[in-house]
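Close look at the chain arrangement
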Amino acid sequence: MLHLNRTTLAQYLIEECQDKDGGSDLVALLLGVAQACKMISRTVAMGALGGATGKLDSTNVQGEVQAKLDVISDEIFRARTEFGGYVAGLASEEMDDPYPVPPNFERGQYLLLYDPLDGSSNIDVNVSVGSIFSVLNAPRPGEEVATEDFLQTGSKQVAAGYAIYGPSTKMVLTLGNGVNGFTLDPVLGNFVLTHPDIKIPETTQEFAINASNSRFWEPPVTRYVEECMAGKTGPRGKDFNMRWVASLVAEAHRIFTRGGVFLYPRDNKQPPKPGRLRLLYEASPMAFLIEQAGGMASTGHGRILEVEPTELHQRVPFIFGSKEEVARIEEYHQSTPDDDFKNPLFNTRGLFRDAS
Ligand code: MN
Ligand code: MN
């Protein structure tokens, strides 16, 4: 049980970062993130006994009702990462504006963005939740951060990862050199490398989408899903399964484990919604991980990692997973004029029955 020959997260980070500029600060920052995730994991695991379940009266900047654990997790992330001179500032789903490192601490060369508790509406039903994080270089290291500092394309990320608080607690991480999965040994309190060099299967027969929004979908999305649902007798010639957990981390973790495709597309609810997931601390870090694991992450029209951010809490259509399926969905977006939702030609699948 002592894992003598297994690599711990600390060991992995030290080995991976020792030759990088600013490597030791990055190690310290990511160990702070890991410590935050361990604390959130314990808080989540205590459930109602820890007094941390339930909703607050407050809403966050996106107008979403905050769960107690949203706020507690946010405080945990901040407390475990603001000291030590590693970051210049933080940005979180739960904070309207960026958080500059206060004057009593040194300011460092990195920026940390996070969704401290993803899937928080699942807490009370005891379904997996998680945390998502992204590390950027601070454009003005040591200076007080401004919103613009955080508006970097995902391709500039230094590191990204998530923790999932499920039957076991896991952390999945990339530093731009592949994706590695660590499992928390709750006795030693260490994350231990259990899933080295994760690769997402290129082919899949599993998709995940909130089908209750189907009347608002764009034609290429409708076409894709209808073709999946048509199964063996349809243009795809094979049966598909559908999954929907309504928790990004849980959906992504399934896809990292056995493949699949996830869609939260743009839709034409009034007014048209540019998707639901947030670019900088949800889609971007996941896209970095997905690409590093051999998958694709797209808006439908191009790489998530190339989207130019304009706002801290901006939302983005997000389609990711097994390469073959995401490439196909991108192809449908190119070949179908989705700027016109009402075009009757694209409301039926008749026209496209023979397309492969
Ligand atoms: Mn989230
Ligand atoms: Mn959240």
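Below you will find a few notes about this structure.

On to the coordination of the manganese ion (ligand 2). The protein atoms donating to the manganese ion (ligand 2) are Glu-93 (OE), Asp-115 (OD) and Leu-117 (O), with metal-donor distances spanning 2.1 to 2.2 Å. Read from N- to C-terminus, the donor residues coordinating the manganese ion (ligand 2) fall into the pattern E-x21-D-x1-L. Taken as a pair, the manganese ion (ligand 2) and the manganese ion (ligand 1) lie 3.8 Å from each other and share Asp-115 as a ligand. Highlighted residues: Glu-93 in the loop between strand E3 (87–92) and strand E4 (99–100) and Leu-117 in strand E5 (residues 110–118), separated in sequence by 24 residues. On the basis of relative accessible area, Glu-93 is assigned to the buried category, the value being 5%. On the accessibility criterion, Leu-117 (2% relative accessible area) is buried.

Here we take up the coordination of the manganese ion (ligand 1). For the manganese ion (ligand 1), every protein donor is listed as Asp-115 (OD), Asp-118 (OD) and Glu-282 (OE), and the spread of their distances is 2.0 to 2.2 Å. Expressed as a motif, the donor residue spacing for the manganese ion (ligand 1) is D-x2-D-x163-E.

Attention now goes to the pairing of strand E6 (residues 129–137). Burial of E6 is extensive: eight of the nine residues sit out of reach of the surface. As paired strands, E6 and strand E7 (residues 159–165) are joined by seven bridges and run antiparallel to one another. Of the residues in E7, the one forming a bridge with Val-135 is Ala-159.

On to the environment of Pro-271. As for its position among the elements, Pro-271 is in the loop between strand E13 (261–264) and strand E14 (277–278). Measuring from C-alpha to C-alpha, the distance between Pro-271 and Leu-136 comes to 32 Å, with 135 residues separating the pair along the chain.

Our next topic: the packing of helix H5 (residues 219–230) against helix H8 (residues 323–335). Relative orientation of the contacting elements H5 and H8 amounts to 135°, with a least axis distance of 8 Å. By the criterion of interaxial angle, the relationship of H5 to H8 is oblique. For the pair H5 and H8, the sense of crossing is right-handed. Counting all contacts with H5, which are made through Pro-220, Val-221, Arg-223, Tyr-224 and Glu-227, the residues of H8 involved are Glu-325, Arg-328, Ile-329, Tyr-332, His-333 and Ser-335. Residues of the contact of H5 with H8, tallied by class, amount to five nonpolar, two polar and four charged.

Here is what the cut-offs are and how they apply
- Numbers given to residues run from 1 along each chain, matching the order in which its sequence is written.
- Chain A is the first chain written and ligand 1 is the first ligand written, with later ones labelled in order.
- In keeping with the predicted nature of the model, local features appear solely for residues at pLDDT of at least 70, side-chain atom pairs appear and are counted solely at 80 or more, and the whole-chain, interface and lining totals rest on all residues.
- The side-chain values count all of the structure's non-hydrogen atoms but skip hydrogen atoms and water molecules.
- Coordination shells were defined by N, O and S atoms within 2.8 Å of each metal, extended to 3.2 Å for Na, K and Ca; water is absent from the atom set, which can make sites look incomplete.
- Per the convention used, a helix needs a DSSP run of H or I reaching at least four residues, while a strand needs a run of E reaching at least two, with both numbered from the N terminus.
- For every residue, the accessible area (1.4 Å probe, protein chains only) is compared with the maximum for its type, and the residue is labelled buried under 20%, exposed over 50%, or partly exposed between those bounds.
- One requirement defines pairing of two strands: DSSP has to find at least two bridges between them.
- To get an axis, a line is fitted to the C-alpha atoms, and for a helix only the part in contact is used. The angle between two axes follows their N-to-C directions and goes from 0 to 180 degrees.
- The labels follow the angle: roughly parallel below 35 degrees, roughly antiparallel above 145, roughly perpendicular from 65 to 115, and oblique for the rest.
- Each crossing gets its hand from how the near helix is turned against the far one by less than a right angle, where anticlockwise is left-handed and clockwise is right-handed.
- The contact criterion used is simple: two residues touch if any of their non-hydrogen atoms lie within 4.5 Å.
- Under the convention adopted here, Pro, Cys and the residues Ala, Val, Leu, Ile, Met, Phe, Trp and Tyr are nonpolar, Asp, Glu, Lys and Arg are charged, and Gly plus all remaining residues are polar.

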